[in-house]
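# Working through the structure, step by step
Letter by letter, the chains look like this.
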Amino acid sequence: MKSVAITSDPSASTVQKQPWKLAFVFCFLVLLCDGADIGILAFTLSSLKQEFGLTNVQAGALGSWSLFGMAIGGVFGGWACDRFGRVRVIVLATGMFSILSGFSGLVQSYEQFVALRFIACLGLGSLYIATNTLMSEMVPTKHRTTVLAALMTGFTLGSLVITSVSAWIIPSYGWRTLYLLTFLPLLLAISMYFLVPEPQSWKEARARKLSGEKDTTKKAENPYKAIFENPKHRIMFILWSMSSGLLLFGYFGVSNWLPSYLETELGIKFKEMALYMAGTYLTMMFAKVVAGFMADKIGRKIVFAFGTMGTALFIPILVYTHTPENIGWLMITFGFLYGIPYAINATYLTESFPTAIRGTAIGGAFNIGRLGSVIAPVAIGYMAMHNSIGAGLLLMAGAYFLCGLIPTLFIKEKQYDPQEAS
């Protein structure tokens, strides 16, 4: 009887027909480019400070401007995913950041760099939401967290690639060459436009809306109004905005300043620092796959809490107990814990909202949270001027702990199936 029911389930047969594996390859490569482009700033920060004569606060502000652009791009990108399609948004956003990041290698002033970086990040901000929404609606529920966690290793692999490429290019060819390489993802965007279709659940939900069929968004054309008119959606939106803000506050604060921390305060040479960071990123990739598999087995909530709170507790260990002999092992352990939350966050979040408003809801919640994280790089820069980068990293630990506490106490798992046109 079960097999008959499954066979007759239209959503199940639809999933089997969808080319989710091809979509996965493209989304993986897009996130690889996304991670590389975000990582570029961390590895060129010292060069930018030297060339343009920047203070630590001005250098930190580059990270904050990037996050601000990503937050705005993510909010509008989530809305655009619901309105125009997940694939279209990925294609447009990838082409946008590719072109503008490439031109960042030609700037002649700090102000020009800030302007181009901000606009490029409007595109970058859309990709996390759009790729994860697309894949959550294509991948069978049984394997969703494992696949989405594997997808997020693309972002980390991008960080690893830029770490390796930076260690080779910057000392020999300068920081500008690194930015010129970001013209390449434009080819990826063009290919994806022609090869990857929109998910079936989005097509069905969009068709219902256009035909005037009664659904969860019929009350108002504005999807944000629909979210806030529904008490359940409103509470989920607020809780995820808070948790996302804390996650991104910690994540981007650490990622922007950890290379500089190793290089300046621990006295590690650039190429050795790049090696340590490469080891950290490799461990993060492994951690994300393991975390995704475990989340499908034992639940999203418990794995997410372990990663966030584990990271919070380990940052003080990294800051206070490092020695030249143990720093490598500490970075590997930190990388494992640091990689877990991002592996689980996307699945946990996408399953908290119905299909018709999913892009808008997760784009809004995640990127309103990102707006709250804008001050993280500047905060560490300020603390570096008056105390140390290490002291700033301790602030990130508190953010990670609270980030994990909110979903643990208040957010249920698997509230909606992303493959249903709900």
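Since the model is a prediction, treat every value here as computed from it, not as a measurement. All residue numbers refer to position in the chain's written sequence, counted from 1. Only residues with pLDDT of 70 or above have their local features reported here, since the model is predicted, and side-chain atom pairs are shown and tallied only from 80 upward, although totals for entire chains, interfaces and linings are computed over all residues. Note that water and hydrogens are dropped before the side-chain values are worked out from all heavy atoms of the structure.

Before going further, it helps to examine the pattern of salt bridges. Salt-bridge detection follows one rule: a side-chain nitrogen of Lys or Arg within 4 Å of a carboxyl oxygen of Asp or Glu. In the structure shown here, the tally under the stated rule is nine salt bridges. Note that glutamate 137 and arginine 86 form a salt bridge whose closest N and O atoms lie 2.6 Å from each other. In this pair, glutamate 137 sits in the loop between α6 (110-136) and α7 (144-173) while arginine 86 sits in helix α5 (residues 86-104), placing the two residues 51 residues apart along the sequence. Among the salt bridges present, the one from arginine 88 reaches glutamate 198, with a minimum N-O distance of 3.9 Å. Here arginine 88 is found in helix α5, whereas its partner glutamate 198 is found in the loop between α9 (185-195) and α10 (200-211), with 110 residues between them in sequence. To qualify as a helix, a DSSP run of H or I must reach at least 4 residues; to qualify as a strand, a run of E must reach at least 2; elements of each kind are numbered from the N terminus.

On to unusual backbone geometry. The phi torsion at lysine 414 lies on the positive side, around 50 degrees, for a residue other than glycine. Mapping lysine 414 onto the fold places it in the segment after α18 (389-410).

For cavity detection a 1 Å grid was placed over the protein atoms alone, and a set of points counts as a cavity when a 1.4 Å probe fits there but cannot get out; an open set counts as a pocket when protein lies on both sides within 12 Å along at least five of seven lines, with lining residues being those that have an atom within 4 Å of a point. Grid points are joined across faces, edges and corners, and a volume is the space filled by probe spheres set on the points. In the structure shown here, the tally under the stated rule is four cavities of 30 Å³ or more. Taken together, 14 residues make up the lining of the largest cavity; nearest its centre are Ile38, Gly39, Ser159, Ser255 and Tyr281. Looking at the lining of the largest cavity, the elements with two or more residues in it are α3 (20-52), α7, α12 (231-265) and α13 (270-298). Broken down by element, the lining of the largest cavity gets its largest block of residues, five residues, from α3. Looking at the lining of the largest cavity, its residues break down into nine nonpolar, five polar and no charged. Here the second largest cavity is characterised by a volume of approximately 60 Å³. In this count, Pro and Cys sit with the nonpolar residues alongside Ala, Val, Leu, Ile, Met, Phe, Trp and Tyr, while Asp, Glu, Lys and Arg are called charged and the others, Gly among them, polar.

It is worth spelling out the environment of alanine 130 at this point. Position of alanine 130 relative to the elements: it lies in helix α6. Spatially, the C-alpha atom of alanine 130 lies 7.5 Å from that of valine 87, the residues being 43 residues apart in sequence. Should any heavy atoms of two residues lie within 4.5 Å, those residues are considered in contact. Setting aside chain neighbours within four positions, we find alanine 130 in contact with Cys81, Arg86, Val89 and Ile90.

Like-charged residues within 9 Å of one another, or nonpolar side chains (Val, Leu, Ile, Met, Phe, Trp, Tyr) within 5 Å, are grouped into patches, provided each residue has over 30% relative accessible area and no salt bridge. To measure how exposed things are, a 1.4 Å probe is used in the Shrake-Rupley method; for residues, cover is taken only from the protein chains shown. Taken together, the side chains of Leu22, Ile190, Tyr193, Phe194 and Leu195 present a nonpolar region at the surface, about 550 Å² in accessible area. The leading source of residues in the nonpolar patch is α9, at four residues. Note on placement: isoleucine 190 falls in helix α9.

With that out of the way, let us pick up the nonpolar core. Membership of the largest hydrophobic core comes to 132 residues, with the highest contact counts inside it found for Leu62, Met135, Met192, Ile315, Tyr342 and Leu393. The element contributing the most residues to this core is α3, with 17 residues. Leaving out residues up to four positions away in the same chain, methionine 192 has contacts with Phe26, Cys27, Val30, Val87, Ile90, Val91 and Leu134. Side-chain atoms within 4.5 Å link the members of a nonpolar core, which is a set of buried Ala, Val, Leu, Ile, Met, Phe, Trp, Tyr and Cys residues. Three labels apply to residues, based on accessible area from a 1.4 Å probe with only protein chains included: buried if under 20% of the type maximum, exposed if over 50%, partly exposed otherwise in between.

Aromatic rings from Phe, Tyr and Trp, with only the six-membered ring used for Trp, were paired whenever their centres fell within 6.5 Å, and each pair was classed as stacked if the ring planes differed by under 30 degrees, edge-to-face if by over 60, and tilted otherwise. Tallied over the full model, the rule gives 25 aromatic pairs. With 5.7 Å between their ring centres and 90 degrees between their planes, tryptophan 79 and phenylalanine 84 make a pair best called edge-to-face. Residue tryptophan 79 is classed as partly exposed on the basis of its relative accessible area of 30%. Chaining the aromatic ring pairs together yields one cluster made of Tyr128, Phe155, Tyr251, Phe334, Tyr338, Tyr342, Phe366 and Tyr400.

So, on to α6. Multiplying 1.5 Å by the residue count of a helix minus one yields the expected span of that helix. Helix length check: α6 (27 residues) gives 39 Å between terminal C-alpha atoms against 39 Å at 1.5 Å per residue, within 8%. To obtain the bend at a residue, axes are fitted to the seven residues ending there and to the seven starting there, and the angle between these axes is taken. Within α6, the axis deviates most sharply at leucine 127, by approximately 30 degrees. Burial analysis of α6 places 22 of its 27 residues in the buried class, the great majority of the element.

Let us look at the side chain of serine 126. Within the secondary structure, serine 126 is located in helix α6. Classification of serine 126 by relative accessible area gives buried; the value is 6%. Within the local environment of serine 126, its side chain forms a polar contact with the backbone oxygen of leucine 122, the two atoms lying 3.5 Å apart. Each polar contact in these results corresponds to two N or O atoms within 3.5 Å; when the atoms are within protein, one needs to be able to donate a hydrogen and the other to accept it, and residues that are neighboring in sequence are counted only if both atoms are side-chain atoms.

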